[in-house]
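Structural characterization, general
These are the residues of each chain, in order.
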Amino acid sequence: MKKIGLIVNPIAGMGGSVGLKGTDGEVYKKALELGAQPVTPQRIEETLSVVNRKDLFFIVAPGKMGEDFIRKFDFKYEVVSAIDKKTNADDTKRIIREMVEKGIELLVFVGGDGTARDVYDVLGLTIPVVGIPSGVKMFSPVFALSTFAAAEIINNTSEQIIEKEVLDIDEKAFRDGKLGAELYGYLNVPKNLNLLQSKKEPSNVSKPDKISKEEISQYILEHIENDVLYILGPGTTLATIASKIGVEKTLLGIDAVYSAQIVGKDLNEKGLLDLLNKYNKIKIIVTPIGGNGFIFGRASKQFTPAVLNAIGEENIIVVATDDKISRLECLRVDTGDDGTDNRLKGHMKVITGYKTETLIEVK
Amino acid sequence: MTINLHTNENPYLPGADIKKAAQKGLENINRYSNPEHLSELKTLLGKYNNIASDRIFISHGSDLLIREIINVFSTNRKIVMVNPSFFPVTQYASEQARRITKMKLSPPDFELDSTLLLNELNEPALLILDNPNNPTGKVLIDDKLAEQILKNKDVLLLVDEAYYEFSGFTLASLIEKYPNLAVTRTMDKAFSLAGLRVGYLLMGDYFKAYFSDFRVNISTPAIFAATEALKKPEYMKDNRDKIVSEKIRIENELLKKGFQVFPGKANFILIKTNSIDFNKKLFDKNILVYNLSNDWLNGYYRITVGLPEENDMLLTKIEKISNNT
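These numbers were taken from a predicted model, which means no experiment stands behind them. (Residues numbered from 1 in each chain as written. Chains lettered and ligands numbered in written order. Predicted model: local features only at pLDDT ≥ 70, side-chain atom pairs only at ≥ 80, totals over all residues.)

1. A few points about the overall build of chain B
A count of helical and extended segments in chain B gives 12 helices and 12 strands. Taken against the 2.2 N^0.38 rule, which gives 20 Å for 325 residues, the C-alpha radius of gyration of chain B at 20 Å falls within 12% of a compact globule. Its C-alpha atoms put chain B at 60 × 50 × 35 Å along the principal axes. Taking all 325 residues of chain B together, 48% fall into the buried category. Residue pairs in contact within chain B that sit at least 24 positions apart in sequence constitute 69% of those at least 6 positions apart. (Helix = DSSP H or I, 4+ residues; strand = E, 2+ residues; numbered from the N terminus. Rg over C-alpha atoms; globule rule 2.2 N^0.38 Å. Buried ≥ 20, exposed ≤ 12 C-beta atoms within 10 Å, placed from the backbone. Contact = placed C-beta atoms within 7 Å.)

Listed below in structure tokens is the structure:
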């Protein structure tokens, strides 16, 4: 039997129906005052109704955080932990920890970006997850495209895993009509095998994400110049490259490498500008954010217009797995400076594997 | 019964004569295909394409031909192709090639930028294009651009024209002139012979030299059916016209319903919708369409044009789905 954790954020998505963009913090109270109704029951039930694998054993959060929904189906399950009437993010994290102790191999969670951050805080890149979209803010690519897609992922027996971004959206700014997103972390997600159709894919060559990253890293390693300072942006692809070089990289930060040695860790704008003054030849390696394609202006704001202009667009190397690039309409930049953005716009080659690249528009 | 609108097949059966011819092909199945029968088919294909029959190579489906060309002719060349496309680039070809460059076609136009393309052809290259492209239906190159490409002798151009009969556009007339051009075709689609897999290659001299000692790989029933089909191609034209007319009808109806429809030149329609789980909702109503969301762009679906009654069913179900969301 495959052990699957199931946890539901009972208030996720309630802000949407009453025009509030999220339920983080005190906004939840306001949502209730405005008569918001829970949306998670429908979402989880839509998913569970099409899960047809017989070899699953669910480890479920109590009451409205899971048990209330699974009991309507025929699945074998066990409830862990206990909750009060009012629940919060700490409950989510505590219960997931207990599920890990029980030996879950996959965690199914229902919620929005906030829930994904709580899941990341506990799991990081250990146990894979399936995110059933239910929140108001779901900018994190970690979520399945729909409740049915979530069920397809649970039903499939693929061992293929893809790392997807968890974003930290500034909810207050979002309510004010602005979208500020920071990269918060990564979660492992099983690849959706599209069970309704054949396996032929429009991306031509489909490789497991991990192999793609290895190939990209090997290619970069073979082309590294010893007299160049490499500034590595955030992300697991960049962490794989760093590992290939033989250094350990900050997953979400910006690090600098020279002659296979780390010379700057978790750099901010000032740290980057200081290094730019010290070294003559500099290159940046970055990867776009899955889903929206931003290479600059989101997730890595340390790459300010001043930093980018000092380095020059010809010294920017973009890397991404085939899978990620295939899902993007284009790359995007939004550095806050029109001149810098305009210099970066046009077309760019993205390294997607060993000797493999994609020419894509930057908007 | 499920209505299959996801594999770009022809919804019309070929005529009784063609089925009868295929059955006749079963009479001597203990024997390999007769070279004379094959020669007759090549002659007919030559006439159909207005090309010398010795420039035609026939195979069990065009996929095998495409795979063979990519495997053989990518060695020490750069492979240039577009994303999205469904070409079978093998791990072997990836290793033999100098590198692979994919040019991303972006919505809403999915245009192939000719300047960018020509820039990529500055070293020995194998350029593979499907024209029209699957799944966008876009005609990516015209005669003029093709000739610009082909004048560069370091570039080999392979164009898959699986949907030629629907697009009405072909590079076949350039085959005699340019040794570095190859065009693949199929009788799977417009001729309604998908189950028999009749693919063929139109070869410029460079490709002809390679395929001259290549063993033909096609069954006798397929040869007989294809021969009969080419003797009376009117049925194909009638069916094609019906499909094209239905395609326009579906496109107009979907536009009225608020779908984003991308005009294409094949027997399928690319659409975009914000309706979540669109394909699942149709699947629940026994209609299968191709979901491109998981491996390409979110919200995009490809719908093959079916029989009028199947298309009516599709539109009715879509109406119901739209009313329920």
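2. A look at the domain arrangement of chain A
All names here are of chain A. Partitioning chain A into structural domains gives domain 1 (2–190) and domain 2 (209–362). The partner domain 2 presents 11 residues to the 11 residues of domain 1 that form the contact. Elements represented by at least two residues in the side of domain 1 that touches domain 2 include exactly strand 6 (161–169) and strand 7 (181–190). Residue composition of the side of domain 1 that touches domain 2, by class: six nonpolar, one polar and four charged. (Domains from an automatic or database assignment. Nonpolar A, V, L, I, M, F, W, Y, C, P; charged D, E, K, R; others polar.)

3. Things to note about helix 10 (residues 236–245) of chain A
Burial runs high along helix 10 of chain A: eight of the 10 residues are buried. Just downstream of helix 10 of chain A, G246 of chain A is the residue with a positive phi angle, here 105 degrees.

4. Side note on the sheet that holds strand 3 (residues 76–79) of chain A
Residues and elements named next belong to chain A. The strand order across the open sheet built from five strands is 3-2-1-4-5, with neighbouring strands paired in parallel fashion. The open sheet has two edge strands, strand 3 and strand 5 (129–133), and neither has a second partner. Taken over all neighbouring pairs, the strand axes of this sheet differ in orientation by 25 degrees on average, direction set aside. Where strand 2 (residues 56–60) meets strand 3, four bridges bridge the pair, whose relative direction is parallel. Its bridge partner lying in strand 3, V60 is registered against V79. Most of the contacts of helix 5 (residues 89–101) go to strand 1 (residues 2–8), to which it runs at about 170 degrees, and overall it touches strand 1, strand 2 and strand 4 (106–111). Where helix 6 (residues 113–123) meets the sheet, it contacts strand 4 and strand 5, and its direction lies at approximately 155 degrees from that of strand 4. (Pairing = 2+ DSSP bridges. Axes fitted to C-alpha atoms, helices over the stretch in contact; angles between N-to-C directions.)

5. A look at the environment of F191 of chain B
Residue and element names in this part refer to chain B. Locating F191 in the fold gives a position in the loop between strand 7 (181–186) and strand 8 (198–203). The buried category is assigned to F191, around which 23 C-beta atoms lie within 10 Å. As for F191 and Y12, which are separated by 179 residues in sequence, their C-alpha atoms are 9.1 Å apart.

6. As for the sheet that holds strand 9 (residues 260–262) of chain B
Residues and elements named next belong to chain B. Here five strands make up an open sheet; going across it, the order is 1-11-12-10-9 and the pairing mixed. The open sheet has two free edges, formed respectively by strand 1 (3–5) and strand 9, since each of these has just one partner strand. When the angles between neighbouring strand axes are averaged without regard to direction, this sheet yields 30 degrees. Sheet analysis places strand 9 next to strand 10 (residues 268–272), joined by three bridges and oriented antiparallel. Looking at the pairing, F262 lines up with L270 of strand 10. In this fold helix 10 (residues 234–256) packs onto strand 9 and strand 10, with an angle of close to 10 degrees to the strand it touches most, strand 10. With respect to the sheet, helix 12 (residues 308–324) is in contact with strand 1 and strand 11 (287–291), its orientation differing from that of strand 1 by roughly 85 degrees.

7. Some points on the nonpolar core
By size, the foremost hydrophobic cluster in this structure holds 184 residues, and its most contacted members are L187 of chain A together with A225 of chain B. Apart from the residues within four sequence positions on either side, A225 of chain B is in contact with I18, A21, A22, L193 and L196 of chain B. (Core = buried A, V, L, I, M, F, W, Y, C linked by C-beta atoms within 7 Å.)

8. Points about the pairing of strand 16 (residues 356–362) of chain A
Remark: a regular strand shows side chains that alternate across the two faces of the sheet. All names here are of chain A. Most of strand 16 is tucked away: six of the seven residues are buried. Pairing of strand 15 (residues 346–353) with strand 16, which is carried by seven bridges, proceeds in the antiparallel orientation. What sits directly across from I351, in strand 16, is E357. Between strand 15 and strand 16, which pair antiparallel one after the other, the connecting turn spans two residues, and K355 there sits at a positive phi close to 60 degrees.

9. Some remarks on the interface of chain A and chain B
Counting from both sides, the interface comprises 25 residues of chain A and, opposite them, 34 residues of chain B. Its residues assigned to classes, the side of chain A that touches chain B comprises eight nonpolar, 10 polar and seven charged. Inspection of the sheet shows strand 16 of chain A paired to strand 4 (residues 99–104) of chain B by four bridges, in the parallel sense. The residue of strand 4 of chain B that forms the bridge with E357 of chain A is T101 of chain B.

10. Some details on the domain arrangement of chain B
Residues and elements named next belong to chain B. As assigned here, chain B comprises domain 1 (3–11 + 235–324) and domain 2 (16–231). With centres defined by C-alpha atoms, the gap from domain 1 to domain 2 works out at 26 Å. Every contact between the two is made by 18 residues of domain 1 and, on the other side, 20 residues of domain 2. Put simply, the parts of the chain that give the side of domain 1 that touches domain 2 at least two residues each are helix 10 and strand 10. Considering only residue class, the side of domain 1 that touches domain 2 consists of nine nonpolar, five polar and four charged.

11. Focus on the pairing of strand 2 (residues 56–60) of chain B
Residues and elements named next belong to chain B. In terms of burial, strand 2 is largely enclosed, as four of its five residues are buried. In terms of strand pairing, strand 2 meets strand 8 through five bridges, oriented antiparallel. Paired with I58 across the bridge in strand 8 is Y200.

12. Description of the environment of S300 of chain A
Residue and element names in this part refer to chain A. Structurally, S300 is set in the loop between strand 12 (294–296) and helix 12 (305–311). S300 sits in the buried class, given 22 other C-beta atoms within 10 Å. Considering only alpha carbons, one finds S300 and L238, 62 residues apart in sequence, at a separation of 13 Å. What S300 contacts, discounting residues up to four positions off in sequence, is G233, P234, I254 and V286.

13. Thoughts on the packing of helix 9 (residues 209–222) of chain A against helix 10 of chain A
Residues and elements named next belong to chain A. Orientation of helix 9 relative to helix 10, taken along the N-to-C sense of each, is 50 degrees, at an axis distance of 9 Å. In terms of their interaxial angle, helix 9 and helix 10 are classed as oblique. Of the two elements, helix 9 crosses helix 10, and the hand of that crossing is right-handed. Contacts between helix 9 and helix 10 involve K213, E214, I216, S217, Q218, I220 and L221 from the first element and T236, T237, T240, I241, K244 and I245 from the second. Its residues assigned to classes, the contact of helix 9 with helix 10 comprises five nonpolar, five polar and three charged. (Parallel < 35°, antiparallel > 145°, perpendicular 65-115°, else oblique. Left-handed = near helix turned anticlockwise from the far one by under 90°.)

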